[in-house]
Amino acid sequence: MTLPPGQRAVDGFPRFGSHLHRPPPPVPADPVIEIGGALSEAVTLTAKDLAELPRQELGADFHCVAGWSATGLVWEGVAFDAFYRTRVEPLVPAGAAITHVVFEGFDGYRSVALLQDALAEDVLIADRLDGRPLDGDHGAPVRLVSPSQYGFVSTKHLCRITFHTSAPPDPDRWNPIAAHSRGRVWQEERHRYLPGRVVRPVYRGLIGPIRRLSARGSRP
Ligand SMILES: Nc1nc2c(c(=O)[nH]1)N[C@H]1C(S)=C(S)[C@@H](COP(=O)(O)O)O[C@H]1N2
Ligand SMILES: [Mo]
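About the cut-offs
- Residues numbered from 1 in each chain as written.
- Chains lettered and ligands numbered in written order.
- Predicted model: local features only at pLDDT ≥ 70, side-chain atom pairs only at ≥ 80, totals over all residues.
- Heavy atoms only, no water.
- Patch = residues over 30% accessible without salt bridge, like charges linked within 9 Å, V, L, I, M, F, W, Y side chains within 5 Å.
- Areas by Shrake-Rupley, 256 points an atom, 1.4 Å probe, with all protein chains shown as cover.
- Salt bridge = Lys/Arg side-chain N within 4 Å of Asp/Glu carboxyl O.
- Helix = DSSP H or I, 4+ residues; strand = E, 2+ residues; numbered from the N terminus.
- Near = heavy atom within 4 Å.
- Polar contact = N/O pair within 3.5 Å; in protein donor to acceptor, adjacent residues only side chain to side chain.
- UniProt positions renumbered as here; feature names shortened; annotations may be inferred.
- Buried < 20%, exposed > 50% of the residue type's maximum accessible area, 1.4 Å probe, protein only.

The name an unreviewed UniProt entry assigns to the protein chain is Reductase, from the organism Streptomyces spectabilis.

Novice: Would you explain a nonpolar patch on the surface in this entry?
Specialist: A surface patch of nonpolar side chains, about 350 Å² in accessible area, is lined by Ile-177, Tyr-193, Leu-194 and Val-198. Within the secondary structure, Ile-177 is located in the loop between β11 (158–164) and α4 (196–216).

Novice: Would you mind showing me how to read the site of ligand 1 here?
Specialist: Neighbouring residues of ligand 1: 21 residues in total, closest Pro-14, Asp-107, His-138, Arg-143 and Lys-156. Taking Lys-156, its side chain carries an N or O atom lying 2.4 Å from an oxygen atom of ligand 1. Relative to its unbound accessible area of 530 Å², ligand 1 is 97% covered by the protein chains.

Novice: I keep staring at the environment of Asp-30 and nothing clicks. Help me out?
Specialist: Along the polypeptide, Asp-30 turns up in the loop between β1 (8–10) and β2 (32–37). A C-alpha to C-alpha distance of 10.0 Å links Asp-30 and Pro-141, two positions 111 residues apart in sequence.

Novice: Even after reading the chapter, I still don't get the UniProt feature "domain: Oxidoreductase molybdopterin-binding" (unreviewed entry) in the protein chain, so can you show me in this structure?
Specialist: When the UniProt feature table is mapped onto this chain, "domain: Oxidoreductase molybdopterin-binding" (unreviewed entry) is found at residues 32–167. Its end C-alpha atoms 25 Å apart, residues 32–167 is made of 13% helix and 44% strand.

Novice: How do you make sense of the pattern of salt bridges when you look at a structure like this?
Specialist: Two side chains of opposite charge can pair, provided their charged atoms sit close to one another. One pass over the full model with this rule turns up 14 salt bridges. For the salt bridge of Glu-76 with Arg-128, the shortest nitrogen-to-oxygen distance reads 3.6 Å. You can see Glu-76 sitting in strand β5 (residues 68–79) and its partner Arg-128 sitting in strand β8 (residues 124–129), a full 52 residues away along the chain. For Arg-128, a relative accessible area of 27% translates into the label partly exposed. In this structure, Arg-190 engages Glu-188 in a salt bridge whose closest nitrogen and oxygen atoms are separated by 2.8 Å. What makes Arg-190 buried here is its relative accessible area of 1%.

Quick look at the structure:
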């Protein structure tokens, strides 16, 4: 099994992220993903809308920027590309070119991707993992999965997707450990300013404690 540079396989699939000790956000009775930004109108994406799009299964490893990789996961959902072509592209005003996509979760988490990266064939709006509906730990009700990018792109608990014609304002602009704007795992694009080999040993010591903290808030 080959992993991207600087990654180590872990057993199972840890719950991870900035939520740490907090339980995952409750799933609303009728979850709706708001779709907006530089479009001619704002629309919504419901479970029923998702069910109308072609389903796809994706076997992939999942790589966190901290250096752990969960291997052999099987996701199911709708290809982001299929969603974009059918539901979003018709709403892009003539002459406008979408370049960036922002994904937001019910827990307040936010990630940004280049449209080009989000349209890769392995990017899913996923609602099932390993044959079961997503649980709270891994992004219920619906999450993004982009396995060729570090996990920080794959926003869980999706509540909003917005499309932009330039890079959106960046709260992490001056953050020394700001995430890389592409985060491609095979290029080891972990951080914007710090090279991967500098942060690898720091992360190595943090994975254990972060994993234990995250597990404390776990509520599948
Ligand atoms: N909504 C939300 N999505 C998130 C996060 C988060 O804290 N909240 N953390 C990100 C990070 S850093 C990683 S590595 C993955 C972890 O996914 P997992 O908890 O399913 O392992 O989710 C990403 N998506
Ligand atoms: Mo991560």
